[in-house]
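For reference, the chains in residue letters:
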Amino acid sequence: MEERRYRSASGALIVLRRRQHSASCRELAVRCPRLQLRSLSAVTSAVWLAAYGLFVLSENSMVLSAAIFITLIGLIIYLHFVKIDQESLLVIGSLGIQVTSSYASGKESTTFIEMGQVKDVVINEAIHMQKVIYYLCILLQDPGDPQGVSAVVPLFQSSKPRLDCLIEVYKSCQEILEQRKTAPQSS
Amino acid sequence: MVLKVFFPSCCSSAESGILIGHWISEQNSAVILAVVHFPFIPVQVKQYLSEVQRVTKVSVSVLGSWSNSKQEKEENLSEFLEDLGTIFSHEPWIQISKEGGSKFWSCSTLQKHSNNPKEEEIILVYYDQRKVMLSHLHPPLDTATSTDHKADDASKLSAVFDTVAKSKILFMTDRYDDGPIKLTHWQSDGVEASIIVELMKQASVPACMLLTFLLSLISGICRSRVLKFWPLSFLWSKLSTCEQLGHRLQHLQVISSNKKAQTQTQLMRKANIFVSLLIDVALGILLMSWLYRKNRIGHLADTLIPMADHVAEELQDLLQWLMGAPAGLKMNRALDQVLGRFFLYHIHLWISYIHLMSPFIEMILWYVGLSACLGLTVALCILSDIIALLTFHIYCFYVYGARLYCLKIYGLSSLWRLFRGKKWNVLRQRVDSCSYDLDQLFIGTLLFTILLFLLPTTALYYLVFTLLRLLVVIVQGLIHLLVDLIDSLPLYSIILRLCRSYRLAAGVKFRVLEQQVGKPLRLLMQINPLSYGSVVQTYRLPTYSCYPKDSWTSLCKKLFLGELIYPWKHKGEKQD
């Protein structure tokens with residue numbers, strides 16, 4: 001198990017953790033920067049100041065309770081649906097690739113792609129906002145056309161690691177994907 | 001290639017024995033279904049397996065040996081287990097052994113006919129047998145539609161799920177049965193059954209027969225000739241309550257049919273319809289009890305007439321405003337007065353009609369309110385129909401205004417062509433030049449001028465009544481949207497996803513368990529449940545959906561030209 005620090009596309013610090021469970025099973029996890037206390041308190045105080053201003057204008061105390069309610073609900077929704085803590089890739093040779101995103105509230109959303117559907121894992125370029133970034137993606141095989149690609153599954157969308165981190169992940173994945181080409185077929 | 005062994009987690013503490021299951025050769029994976037314990041007679045085991053194979057159509061065979069010893073490995077035991085491999089010949093022969101209480105098992109294979117001397121890697125995947133047996137794997141929605149290459153593209157995991165699901169008969173024997181073979185699987189401690197479920201199954205047969213008989217009576221009455229005469233059939237087709245009742249009748253027929261549901265989709269649909277009907281009727285009875293307590297329905301009937309009067313008064317005020325100088329515009333006085341008086345007389349007729357009906361309103365409403373026990377959707381449809389009936393005069397005004405405006409627009413366009421010296425060629429469906437006589441031109445221009453200067457008045461009346469009609473249509477549309485929602489929501493599937501999420505599977509997820517060097521890779525396979533959005537999308541009940549017939553541009557064009565708009569189209573209605 002080894003950990004290395006890299007930077008994301010926006011400059012934040014991310015940590016890549018690699019684990020080799022067996023000869024054909026590897027887990028690669030990218031941990032995103034945590035929720036900062038100062039940004040949380042900044043947003044909360046801004047909302048409450050605005051609510052207090054409204055209260056002074058309208059003399060209605062419902063505004064204050066509504067502001068507290070909105071802040072709480074907003075925080076819960078943000079932690080449960082928006083803020084991703086860790087994105088991991090589990091590659092099991094001859095079974096498939098599993099992509100997991102864990103949210104700050106503990107929720108985990110998992111997708112498993114069988115090895116028969118995976119055509120290849122590649123690094124692609126994309127235009128995101130005003131930048132051109134690199135991203136790792138899984139190409140899915142088109143069942144009708146052996147040369148075609150039916151879908152592209154992008155990985156690490158929330159942490160957006162830079163090229164150096166992506167190259168490490170790419171090399172690890174390719175080592176396992178190559179095994180399925182060199183493995184002898186069963187009779 | 002890597003060998004994958006799917007081992008049920010319920011057999012982890014079983015006594016030593018041999019493993020039986022299904023071997024999937026194209027994926028090099030073995031799905032273990034049960035463990036057969038010593039002592040057994042090999043011939044009887046083979047007989048039993050061939051019987052199971054005949055019933056379930058899954059090729060179950062002896063795959064290997066399982067040894068669970070409290071002490072360290074014994075030499076003669078391992079030789080005995082290898083000898084078993086010669087009796088039940090299976091290629092490869094899998095040997096799994098668990099020593100002491102260690103959670104790391106050793107797994108090895110015996111290959112007799114392979115030319116590859118290298119030891120192949122083994123992956124041990126634990127799965128929960130009961131959950132995998134009950135679960136239904138849903139393919140992703142886009143691949144579910146393409147069925148041409150389904151045969152060769154069956155995903156590996158669906159093969160595992162199918163194997164376990166089809167082997168239900170294997171799990172029906174438990175350890176209290178006196179058979180020659182002792183098995184361990186998820187139900188071997190005692191077959192699970194529920195008294196309530198069995199009682200309901202017994203009770204459902206006569207209930208279904210009774211329901212079918214009643215439904216055949218009702219549909220016989222509905223189809224009788226008496227109700228098919230022209231005014232009545234026209235009325236039935238216009239009232240949304242009758243459509244909703246017919247829809248529910250269809251649902252009841254689906255539930256009460258004697259045929260058992262063949263596929264998972266049919267079973268879920270039946271269950272969804274049943275739960276939806278139940279909730280609908282429960283909400284309807286709740287509404288009814290609320291309405292009839294404290295005689296609220298009497299109060300409602302009492303306020304209905306004053307409300308209709310109020311609407312009529314507002315309309316009268318509106319017409320007076322139009323007859324004056326509305327929004328500062330100057331109307332043509334003569335036409336204004338004619339149209340205004342015509343509509344005022346209409347309202348007067350309507351008010352007299354309402355007042356004629358007023359003594360009976362309360363009684364009618366009381367009996368109509370009783371039909372809310374048929375369901376909340378029926379009550380909402382009745383509400384929508386009452387609104388339609390109460391605002392019938394607005395509908396009439398809209399039709400008059402639209403027809404007048406339409407005539408005017410067509411007249412204007414035709415006379416404008418005459419003004420320019422052109423004519424519409426009906427044969428060629430195009431505009432051709434035409435030489436008119438002088439008197440034709442004279443009269444045509446005169447009429448054109450008259451129509452043009454009368455246009456603002458008519459256009460204003462048309463605009464006002466169209467807006468009122470659109471308002472009523474929007475209110476009715478919202479009610480129908482709510483009815484559609486209640487009709488099509490698959491409540492049973494949503495509750496199943498909430499409480500027994502393993503039944504609806506979108507896929508699987510693997511968790512890597514503790515590893516030890518030298519031992520095979522251990523994974524835990526869990527079921528990844530379907531998301532709520534996909535549940536609703538997959539199991540939606542079809543409705544007689546009302547959706548707008550026209551796109552926005554064609555709607556605007558029709559409004560501009562004065563053509564009548566019928567905004568809601570029902571499935572099965574003839575196009576007009």
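Residues numbered from 1 in each chain as written. Chains lettered and ligands numbered in written order. Predicted model: local features only at pLDDT ≥ 70, side-chain atom pairs only at ≥ 80, totals over all residues. Heavy atoms only, no water.

So, the interface of chain B and chain A
Here's step 1: Across the boundary between the two partners, chain B contributes 22 residues, which contact 20 residues of chain A.
Here's step 2: In this assembly, chain B and chain A are joined by zero salt bridges.
Here's step 3: When residues in the side of chain B that touches chain A are grouped by element, the largest group, four residues, is from strand 12 (residues 504-512) of chain B. (Contact = heavy atoms within 4.5 Å. Salt bridge = Lys/Arg side-chain N within 4 Å of Asp/Glu carboxyl O. Helix = DSSP H or I, 4+ residues; strand = E, 2+ residues; numbered from the N terminus.)

Some details on the UniProt feature "transmembrane region" (unreviewed entry) in chain B
Residues and elements named next belong to chain B.
Here's step 1: Mapped onto this structure's residue numbering, the UniProt feature "transmembrane region" (unreviewed entry) falls at residues 203-222, 273-292, 338-357, 364-391, 397-419, 440-464 and 470-495.
Here's step 2: The span residues 203-222 shows a helical share of 100% and a strand share of 0%, and its end C-alpha atoms are spaced 29 Å apart.
Here's step 3: In residues 470-495, the share of helix is 92% and the share of strand is 0%. The end C-alpha atoms are 38 Å apart. (UniProt positions renumbered as here; feature names shortened; annotations may be inferred.)

Some points on the UniProt feature "transmembrane region" (unreviewed entry) in chain A
Residues and elements named next belong to chain A.
Here's step 1: Taken from the UniProt record, the annotation "transmembrane region" (unreviewed entry) applies to residues 40-57 and 63-82.
Here's step 2: When the span residues 40-57 is considered, its composition is 100% helix and 0% strand, and the gap between its end C-alpha atoms is 26 Å.
Here's step 3: Note that residues 63-82 is 100% helix and 0% strand, and that its end C-alpha atoms are spaced 26 Å apart.

Re the packing of aromatic side chains
Here's step 1: As enumerated under the stated definition, the model contains 24 aromatic pairs over all chains in all.
Here's step 2: When the centroid spacing of 5.3 Å and the interplanar angle of 90° are considered together, the rings of W105(B) and Y126(B) count as edge-to-face. Of this pair, W105(B) sits in the loop between strand 5 (93-99) and strand 6 (106-110) while Y126(B) is found in strand 7 (residues 122-127), placing the two residues 21 residues apart along the sequence.
Here's step 3: Here W105(B) falls in the buried class, since its relative accessible area comes to 4%.
Here's step 4: Ring geometry for F397(B) against F465(B): centres 5.3 Å apart, planes inclined by 50°, an arrangement best described as tilted. One end of the pair, F397(B), is in helix 13 (residues 392-420); the other, F465(B), is in helix 14 (residues 438-488), with 68 residues separating them in the sequence. One exposure class covers both F397(B) and F465(B), and it is buried.
Here's step 5: In this structure an aromatic cluster arises from ring pairing among F342(B), F343(B), F397(B), Y400(B), Y461(B) and F465(B).
Here's step 6: The ring of Y103(A) carries the charged tip of K107(A) above its face, separated from the ring centre by 4.7 Å.
Here's step 7: The aromatic ring of Y532(B) is capped on one face by R497(B), whose charged end is 4.7 Å from the ring centroid. (Phe/Tyr/Trp six-rings, centres within 6.5 Å; stacked < 30°, edge-to-face > 60°. Buried < 20%, exposed > 50% of the residue type's maximum accessible area, 1.4 Å probe, protein only. Lys NZ or Arg CZ within 6 Å of the ring centre and 35° of its normal.)

Some thoughts on the sheet that holds strand 9 (residues 149-154) of chain A
All names here are of chain A.
Here's step 1: Here we have three strands laid out as an open sheet, ordered 7-8-9, and antiparallel in their pairing. For this open sheet the edge positions go to strand 7 (118-128) and strand 9, each flanked by a neighbour on one side alone. Ignoring strand direction, the axes of neighbouring strands in this sheet form an average angle of 35°.
Here's step 2: Against the sheet, helix 3 (residues 163-182) touches strand 7 and strand 8 (131-141), its axis set at about 165° to strand 7. (Pairing = 2+ DSSP bridges. Axes fitted to C-alpha atoms, helices over the stretch in contact; angles between N-to-C directions.)

Section: empty space enclosed by the protein
Residues and elements named next belong to chain B.
Here's step 1: Tallied over the entire structure, the rule returns three cavities of 30 Å³ or more.
Here's step 2: Each pocket or cavity is described by its volume, and for the largest cavity that value is around 60 Å³.
Here's step 3: When contributions to the lining of the largest cavity are tallied by element, the ones reaching two or more residues are strand 1 (3-8) and helix 5 (156-166).
Here's step 4: A total of three residues in the lining of the largest cavity trace back to one element, the largest contributor, which is helix 5. (1 Å grid on protein atoms, 1.4 Å probe; cavity = no way out; pocket = protein on both sides within 12 Å on 5 of 7 lines; lining within 4 Å. Points joined across faces, edges and corners; volume = space filled by probe spheres on them.)

Topic: the confidence of the model for chain B
Residues and elements named next belong to chain B.
Here's step 1: Taken over all residues, the pLDDT of chain B has a mean of 83, while the share at 70 or more is 92%.
Here's step 2: Here helix 4 (residues 141-145) stands out as the element of chain B with the lowest mean pLDDT, 54, in contrast to helix 15 (residues 491-499), whose mean of 93 is the highest.
Here's step 3: When the criterion is pLDDT under 50, residues 144-153 qualifies, and its contacts beyond four places in sequence or with other chains add up to four contacts.
Here's step 4: Confidence drops under a pLDDT of 50 for residues 572-576, and excluding neighbours within four residues, the segment shows four contacts in the predicted structure.
Here's step 5: What the predictor reports for the complex is a pTM of 0.83 with an ipTM of 0.85. (pLDDT = per-residue confidence, 0-100.)

A short note on the environment of L16(A)
Residue and element names in this part refer to chain A.
Here's step 1: Here L16 lies in strand 2 (residues 13-22).
Here's step 2: The class for L16 is buried, based on a relative accessible area of 4%.
Here's step 3: As a C-alpha pair, L16 and E87 span 71 residues in sequence and 9.8 Å in three-dimensional space.
Here's step 4: With residues near it in sequence (within four places) discarded, L16 still touches E2, E3, R4, Y6, A29, V30, C165, E168 and V169.

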